[in-house]
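# Report on the structure
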Amino acid sequence: QVQLVESGGGLVQAGDSLRLSCAFSGRTFSSYAMGWFRQTPGKEREFVARINWSGGSTTYADSIKGRFTISRDNAKNTVYLQMNSLKPEDTAVYYCAADYRFNGRRKYDYWGQGTQVTVSS
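The structure presented is a predicted model; accordingly, all values stated were derived computationally and were not measured. (Residues numbered from 1 in each chain as written. Predicted model: local features only at pLDDT ≥ 70, side-chain atom pairs only at ≥ 80, totals over all residues. Heavy atoms only, no water.)

### Quick word on the overall build of the chain
Our working rule: Strands here mean DSSP runs of E at least two residues long; helices mean DSSP runs of H or I at least four residues long; both are numbered from the N terminus. Put simply, the radius of gyration uses C-alpha atoms, and a globule should come to 2.2 Å times the residue count raised to 0.38. Should any heavy atoms of two residues lie within 4.5 Å, those residues are considered in contact.
Helices and strands together make up the secondary structure of the chain, namely zero helices and 11 strands. Computed over the C-alpha atoms, the radius of gyration of the chain is 14 Å, within 12% of the 14 Å expected from 2.2 N^0.38 for a compact globule of 121 residues. The dimensions of the chain, computed from C-alpha atoms along their principal axes, are 40 × 30 × 25 Å. Taking as baseline every contact in the chain between residues at least 6 positions apart, the subset at least 24 positions apart corresponds to 55%.

### Overview of unusual backbone geometry
The phi dihedral of Asn-77 falls on the positive side, at around 55 degrees, and the residue is not glycine. One can find Asn-77 in the loop between β7 (68-73) and β8 (78-83). Positive phi is not limited to glycine here, since Ser-85 has a value of about 50 degrees. Considering the arrangement of structural elements, one finds Ser-85 in the loop between β8 and β9 (92-100).

### Some words on the nonpolar core
Rules: Throughout, nonpolar core names a set of buried Ala, Val, Leu, Ile, Met, Phe, Trp, Tyr and Cys residues whose side chains join them through atoms within 4.5 Å. The cut-offs for exposure are 20% and 50% of the maximum accessible area for each residue type, with area from a 1.4 Å probe on protein chains only; residues under the lower value are buried, those over the upper are exposed, and the others partly exposed.
Grouped together as the largest cluster of nonpolar side chains are 29 residues, with contacts concentrated most on Met-34, Trp-36, Val-79, Leu-81, Met-83 and Tyr-94. Counting only elements with at least two residues in this core, the list comes to β3 (18-25), β4 (32-39), β5 (46-51), β7, β8, β9 and β11 (115-120). If we ignore the near neighbours within four places in the chain, the residues touching Val-79 are Leu-20, Ser-21, Cys-22, Phe-29, Met-34, Trp-36, Ile-51, Ile-70, Ser-71, Arg-72 and Cys-96.

Dropping the structure here:
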């Protein structure tokens, strides 16, 4: 079974940067597109970014476009989220998710437990 473990969260000031990491194990990493989501208490989980199996195609939410960058290293079975120019509204638990390439639809099959990002003003 696929396991996803996020790391890299923390408490930072507005304008600072963080890089989140998500370690993938259990299956063939390149068989999965990967995504980042975030969630604030009382709100729905929000899409942040997606990257295809090879890293050649990315998609971003408008709210973070130009500030965050998703990337992956298939040799290390790891997906990253580089977050720059952080704002207090970026405060959330950030989740990594895996989408099997051959589902035929955009369904995230596996989720990590999340890592907390807190941005103070």
